[in-house]
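Residues per chain are reported as follows:
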Amino acid sequence: MHNFDFVKPSSLAEAVKAMQAEGAQALSGGQTLISTMKQRLAAPAVLVSLTGIAEMKGVSVAGRVMTIGAATPHAVVAKEAAKAYPALAALAGGIGDPAVRSRGTIGGSLANNDPAACYPAGVLASAATIVTSRREIAADDFFQGLFTTALEEGEIITAVRFPIPDRAAYAKFLQPASRFSLTSAFVARTGSAVRVAITGASENGVFRWTEGERALSANFSPQAVKGLKANADDMIGDLHGSKAYRAALVGVMTARAVAMAMA
Amino acid sequence: MTKVSMTVNGRAVSGDVEGRTLLSTFLREGLALTGTHVGCDTSQCGACVVHVNGAPVKSCTVFALDLEGATIRTIEGMANADGSLSPLQQAFQDHHGLQCGFCTPGMVMSSAALLAENPRPTPQEVRAYLDGNICRCTGYHNIVKAVLAASGQDVSAVAAE
Ligand SMILES: Cc1cc2nc3c(=O)[nH]c(=O)nc-3n(C[C@H](O)[C@H](O)[C@H](O)COP(=O)(O)OP(=O)(O)OC[C@H]3O[C@@H](n4cnc5c(N)ncnc54)[C@H](O)[C@@H]3O)c2cc1C
Ligand code: FES
Ligand code: FES
């Protein structure tokens, strides 16, 4: 790993300033970035740790809206969101393993936008808002393909705001070697509107499965998506599962998520 | 080089480190605490798990400088005050929860974190919690048995499946 200057600001304002340095990059839980740096796929000149900024941590609930600070580790979300938004807490509690959950954060996960990550599905299906040091971004505009987001150079995610759905669930099909997801579905229903977000399946990262959404808005039951298959063309095909297999899993995991949400 | 200070196994320690110095490197090379093992260095195996402020953390995937002021516990801090094995460590020995021993420091630290959170876990809960700890030798059954025994549960009926 190349060496770098390490800075650990204690306020967001200081962090925003530190990010203006040439070659600066944010470090949150490090559960993705440190491995990337070891492989020399990233070589920041300055690493700006976000782990000492109290205003970027914690879970709070006001009415039907839950806000999670971007630097809140998965383990904390699993505990503190359990009452207000159990489906999202369960998603956080199923990421990786306990040690990954001690450090890894929601902000890091969203900024990274790994095509097999869990949080992007929860955020997109919930129609959450990504709050940054500069603006607010709707989930529908945030995810822009494989490891690509709407974030600009030096922009820091500070929090994520979730409208809490009436019913929701995340059905994860585990890829046991990576502990990420092979193909997983997050289903959220508010009133009669249903949103379905799929992760792990597409070459373009997380996406809304509109065909499934249409079927479930008319009839919110696992039967509604039985036999519905996603288009296999832009699916990921690898030794863990072919394109067709993942396309089939889209329907299967959505049906499971719906059954979980109804339980 | 920057000075970093933390409490490790109850002792105040400090040392000069680079930005890129990992906690595992600081423990092993800076403090000569070589009980923390590095199996993969890629966050996959869990051999390097230590406790940071009570939570299990892969010491190969955190920078020492990010832990200024933190309280760390490693496998060297797990024995009883008189140097004898703690009940959890003794259970690993009694139930053959180790063979080569390479994964054992991480297994013990993860299991201790589990028992602190959940004093009487089910076998399923033990297996789920140890998801990030890989063992090439034992086949896991005896590790699960050791953790259940350490939690005070009767394991006489638990066979090596
Ligand atoms: C063994 C293992 C298993 C895993 N399993 C899963 C899984 O099942 N599901 C899953 O979703 N993830 C999984 N992960 C990934 C884990 O959730 C990571 O924590 C996450 O992807 C990155 O979050 P982080 O806080 O560690 O970010 P970091 O690694 O610190 O940063 C990641 C990237 O985001 C940028 N960044 C970080 N924070 C911000 C911010 N606030 N604003 C702007 N940019 C920022 C960084 O500059 C970097 O580019 C796993 C990781 C490991 C090692
Ligand atoms: S050495 Fe840290 S997880 Fe393997
Ligand atoms: S005892 Fe050898 S790796 Fe676990």
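Since the structure is predicted, the reported quantities are computational estimates derived from the model, not experimental observations.

1. What to know about the sheet that holds strand β11 (residues 193–199) of chain A
All names here are of chain A.
- The antiparallel open sheet is built from four strands, whose spatial order is β9-β10-β11-β12. Of all the strands in the sheet, just β9 (167–171) and β12 (207–208) have a single pairing partner and so form its edges.
- With two bridges connecting them, β11 and β12 associate as antiparallel partners. Bridge pairing links Ala197 to Arg208 in β12.
- Most of the contacts of helix α9 (residues 210–218) go to β11, to which it runs at about 150 degrees, and overall it touches β11 and β12.

2. Considering the environment of Thr190 of chain A
All names here are of chain A.
- Along the chain, Thr190 falls in strand β10 (residues 184–190).
- According to the relative accessible area criterion, Thr190 is partly exposed, its value standing at 45%.
- Not counting residues within four places of it along the chain, the set of residues in contact with Thr190 comprises Pro165 and Asp166.

3. Examining the domain arrangement of chain B
Residues and elements named next belong to chain B.
- Domain annotation of chain B identifies domain 1 (2–77) and domain 2 (87–150).
- Placing a centre on the C-alpha atoms of domain 1 and another on those of domain 2 gives a separation of 21 Å.
- Between domain 1 and domain 2, the residue contacts involve 16 residues of the former and 14 residues of the latter.
- Both faces considered, domain 1 and domain 2 share a buried interface measuring about 1100 Å² in area, 65% of it formed by carbon and sulfur atoms.
- Among the residues domain 1 hides against domain 2, the three largest losses belong to His37, His51 and Ile75. Together they make up 41% of the total.
- Counting across the interface, domain 1 meets domain 2 through zero salt bridges.
- Between the two partners, domain 1 and domain 2, sit five residue pairs in polar contact (both at pLDDT 80 or more).
- Of all the secondary structure elements, the ones that give two or more residues to the side of domain 1 that touches domain 2 are β3 (49–52) and β4 (55–58).
- Tallying contributions element by element places β3 first for the side of domain 1 that touches domain 2, with three residues.
- Considered class by class, the residues forming the side of domain 1 that touches domain 2 number seven nonpolar, seven polar and two charged.

4. Focus on the site of ligand 1
- What surrounds ligand 1 is a group of 33 residues, the closest being Ala26, Leu33, Thr105, Cys118 and Arg179 of chain A.
- Neighbouring residues of ligand 1 are not confined to one chain but are distributed across chains A and B.
- Within the backbone of Ala26 of chain A, an N or O atom sits 2.6 Å from an oxygen atom of ligand 1.
- For ligand 1, an oxygen atom lies 2.8 Å from a polar atom in the side chain of Lys172 of chain A.
- Isolated, ligand 1 exposes 970 Å² of accessible area, and the fraction of that covered by the protein chains is 94%.
- No other element matches the four residues that helix α6 (residues 106–112) of chain A contributes to the shell around ligand 1.
- A class-by-class count of the residues in the shell around ligand 1 yields 14 nonpolar, 15 polar and four charged.

5. Some details on the pairing of strand β1 (residues 2–8) of chain B
All names here are of chain B.
- As paired elements, β1 and strand β2 (residues 11–17) share seven bridges and run antiparallel to each other. Note that in β2 the partner of Val4 across the bridge is Gly15.
- Hairpin connection from β1 to β2: two residues lie between these consecutive antiparallel strands, with Asn9 at a positive phi of about 50 degrees.
- Inspection of the sheet shows β1 paired to strand β5 (residues 71–73) by two bridges, in the parallel sense. In the sheet register, Val8 faces β5, and the bridge partner there is Ile72.

6. With respect to the interface of chain B and chain A
- The interface is formed by 24 residues belonging to chain B together with 27 residues belonging to chain A.
- Around 2000 Å² of area is buried between chain B and chain A when both sides are counted, 54% of it from carbon and sulfur atoms.
- Ranking the residues of chain B by area buried against chain A places Arg20, Phe63 and Asp66 of chain B at the top, with a combined share of 31%.
- Joining chain B to chain A, the criterion identifies four salt bridges.
- Residue Lys8 of chain A pairs with Asp66 of chain B through a salt bridge whose shortest N-O separation is 3.3 Å.
- On inspection of chain B and its partner chain A, the count reaches 15 residue pairs in polar contact (both at pLDDT 80 or more).
- Top contributing element to the side of chain B that touches chain A by residue count: β4 of chain B, with four residues.

7. Some points on the packing of helix α2 (residues 87–94) of chain B against helix α5 (residues 141–150) of chain B
Residues and elements named next belong to chain B.
- Interhelical geometry of α2 versus α5 gives an angle of 140 degrees and a closest axis separation of 8 Å. Judged by the inter-axis angle, α2 sits oblique to α5. Considering the relative orientation of α2 and α5, their crossing is right-handed. Where α2 approaches α5, its residues Pro87, Leu88, Ala91 and Phe92 are matched on the opposing element by Ile143, Ala146, Val147 and Ala150.

8. Details of α5 of chain B
All names here are of chain B.
- The element α5 is extensively covered by neighbouring structure, given that seven of its 10 residues are classed as buried.
- Considered for burial, the residues of α5 that qualify are Asn142, Ile143, Val144, Lys145, Ala146, Val147 and Leu148.
- Those residues of α5 that are buried lie in contact with α2, α3 (104–117) and α4 (123–129).
- Backbone geometry just after α5 places Gly152 at a positive phi near 90 degrees.

Analysis parameters
- Residues numbered from 1 in each chain as written.
- Chains lettered and ligands numbered in written order.
- Predicted model: local features only at pLDDT ≥ 70, side-chain atom pairs only at ≥ 80, totals over all residues.
- Heavy atoms only, no water.
- Pairing = 2+ DSSP bridges.
- Helix = DSSP H or I, 4+ residues; strand = E, 2+ residues; numbered from the N terminus.
- Contact = heavy atoms within 4.5 Å.
- Axes fitted to C-alpha atoms, helices over the stretch in contact; angles between N-to-C directions.
- Buried < 20%, exposed > 50% of the residue type's maximum accessible area, 1.4 Å probe, protein only.
- Domains from an automatic or database assignment.
- Buried area = accessible area lost by both parts, 1.4 Å probe.
- Salt bridge = Lys/Arg side-chain N within 4 Å of Asp/Glu carboxyl O.
- Polar contact = N/O pair within 3.5 Å; in protein donor to acceptor, adjacent residues only side chain to side chain.
- Nonpolar A, V, L, I, M, F, W, Y, C, P; charged D, E, K, R; others polar.
- Near = heavy atom within 4 Å.
- Areas by Shrake-Rupley, 256 points an atom, 1.4 Å probe, with all protein chains shown as cover.
- Parallel < 35°, antiparallel > 145°, perpendicular 65-115°, else oblique.
- Left-handed = near helix turned anticlockwise from the far one by under 90°.

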